[in-house]
Amino acid sequence: MEVFKEKDAIRTQVRDWQSVGQTVGVVPTMGALHQGHHSLVRCCVAATDHTVVTIFVNPKQFGPGEDLSSYPRTTEDDLKDCEELGADAVFLPDDSAMYADDHCTSVNVSGITDGLCGSFRPEFFDGIATVVTKLFNIIPADSAFFGRKDVQQLTMIRKMVSDLDMPVRIVGCPTVRESDGLACSSRNRYMNEEERKLAPRLYQALLAGKAAFEAGERDPAAVVVSASREMLRESGLKLQYMECVNSDTMQRALYPLKGDEVLAVAAHLGATRLIDNITLDEKAEQC
Ligand code: AMP
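Please read all numbers here as calculations on a predicted model, not as lab measurements.

Asker: Mind laying out the overall build of the protein, listing which residues take part and the relevant values?
Answerer: Helices and strands together make up the secondary structure of the protein, namely 10 helices and 9 strands. Against the compact-globule benchmark of 19 Å for 287 residues, the protein has a radius of gyration of 19 Å, which places it among compact chains. When the backbone C-alpha atoms are referred to their principal axes, the protein occupies close to 55 × 40 × 40 Å. Within the protein, the fraction of its 287 residues that count as buried is 53%. Long-range contacts, defined here as pairs at least 24 residues apart, represent 74% of the contacts in the protein between residues at least 6 apart. For the protein, the computed accessible surface area is about 13,300 Å², with 48% contributed by carbon and sulfur atoms. One way to put it: in the protein the 30 positive side-chain charges average out to a point 4 Å from where the 43 negative ones average out.

This is how it looks when you write it as structure tokens:
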């Protein structure tokens, strides 16, 4: 496995592979790799001839007062993981390689990014759309792998790729969870022991919403009430949003629910912000 810091060098490597008919997949990450990231790398290794993992903590997607400076950085362990998982290359650029001092271009995908996390993190999705566009230009991969854990991000990237005719196939991979149901996240390590015990409530709440749908409830507001009620039983969790949304547009779901809608939640647990989501009828989930 080779580690690349320079844009031109990784681009040349990817083109060399493609010039002899081999396929390349990319897995964009911010590092601090966990089982969720590992599953993306495994999917990519299985589906393509060459896997490139990118590790870059993207300053453009953090707002003022967010955790950019304290975001976990575990590069040595991350490189070891990538090697063990069978990645062929890691792209590990410096901030200055990604953003020149006079960088002034950003990518905006409207609509999909208005609600859910977009309501609370105004810089977030433009920052992601911009960095992912740059990564796709630096690493002209055939396919790119993203987690359903960040479903609004995945939906936005699919739309951006379609709207801008980017020649890359987007693959969505299932959310990987700890044994108690908590979705794996780099930010889980911020929690203390007590918070960590409460955190699976988030997923239990989503399951309560899904159970209401399975029991025949077709009103999105009633599904949200069932799920929120489960969460409010625990005062330590501060709900930011719980919403049932259309899986293509991320706009409020309409009555009657069909099953392909997504129930999405964000909550604060002490200083940690957690997000999670579930498709009401898993058989309807897009990959
Ligand atoms: P991040 O490093 O948080 O920017 O995430 C990089 C990629 O890993 C994104 O596509 C995420 O959706 C994905 N990811 C993060 N957590 C999980 C998880 N628990 N299961 C599956 N994919 C995940």
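We are not done yet, so read on.
Asker: Help me get a handle on the layout of surface pockets, residues and values and all.
Answerer: In this structure, the second largest pocket encloses a volume near 200 Å³. Around the second largest pocket, the lining is made up of 16 residues, and of these Ile55, Phe56, Val57, Arg73 and Leu92 lie nearest the centre. Per-class residue counts for the lining of the second largest pocket are 8 nonpolar, 3 polar and 5 charged.

Asker: Any chance you could break down the site of the ligand for me, citing the residues and the numbers?
Answerer: Within the structure, the ligand sits among 17 residues, and His37, Gly147, Asp150, Val176 and Cys184 are positioned closest to it. Contact distances for the ligand include 2.8 Å between an oxygen atom and a side-chain N or O atom of histidine 37. Contact with the protein chains hides 92% of the accessible area of the ligand, taken as 490 Å² for the molecule alone. The element best represented in the shell around the ligand is helix 2 (residues 35-47), accounting for 3 residues.

Asker: Summarise empty space enclosed by the protein; cite the residues concerned and give the values.
Answerer: Tallying each qualifying case throughout the model produces 1 cavity of 30 Å³ or more. By volume, the largest cavity amounts to about 100 Å³. Those elements that provide at least two residues to the lining of the largest cavity are helix 6 (124-138), helix 7 (151-163) and strand 9 (272-279). Looking at the lining of the largest cavity residue by residue, the class counts come to 8 nonpolar, 3 polar and 3 charged.

So, how was this worked out
- Residues numbered from 1 in each chain as written.
- Predicted model: local features only at pLDDT ≥ 70, side-chain atom pairs only at ≥ 80, totals over all residues.
- Heavy atoms only, no water.
- Helix = DSSP H or I, 4+ residues; strand = E, 2+ residues; numbered from the N terminus.
- Rg over C-alpha atoms; globule rule 2.2 N^0.38 Å.
- Buried < 20%, exposed > 50% of the residue type's maximum accessible area, 1.4 Å probe, protein only.
- Contact = heavy atoms within 4.5 Å.
- Areas by Shrake-Rupley, 256 points an atom, 1.4 Å probe, with all protein chains shown as cover.
- Lys, Arg positive; Asp, Glu negative; His and termini not counted.
- Charge placed at Lys NZ, Arg CZ, Asp CG, Glu CD.
- 1 Å grid on protein atoms, 1.4 Å probe; cavity = no way out; pocket = protein on both sides within 12 Å on 5 of 7 lines; lining within 4 Å.
- Points joined across faces, edges and corners; volume = space filled by probe spheres on them.
- Nonpolar A, V, L, I, M, F, W, Y, C, P; charged D, E, K, R; others polar.
- Near = heavy atom within 4 Å.
- Polar contact = N/O pair within 3.5 Å; in protein donor to acceptor, adjacent residues only side chain to side chain.

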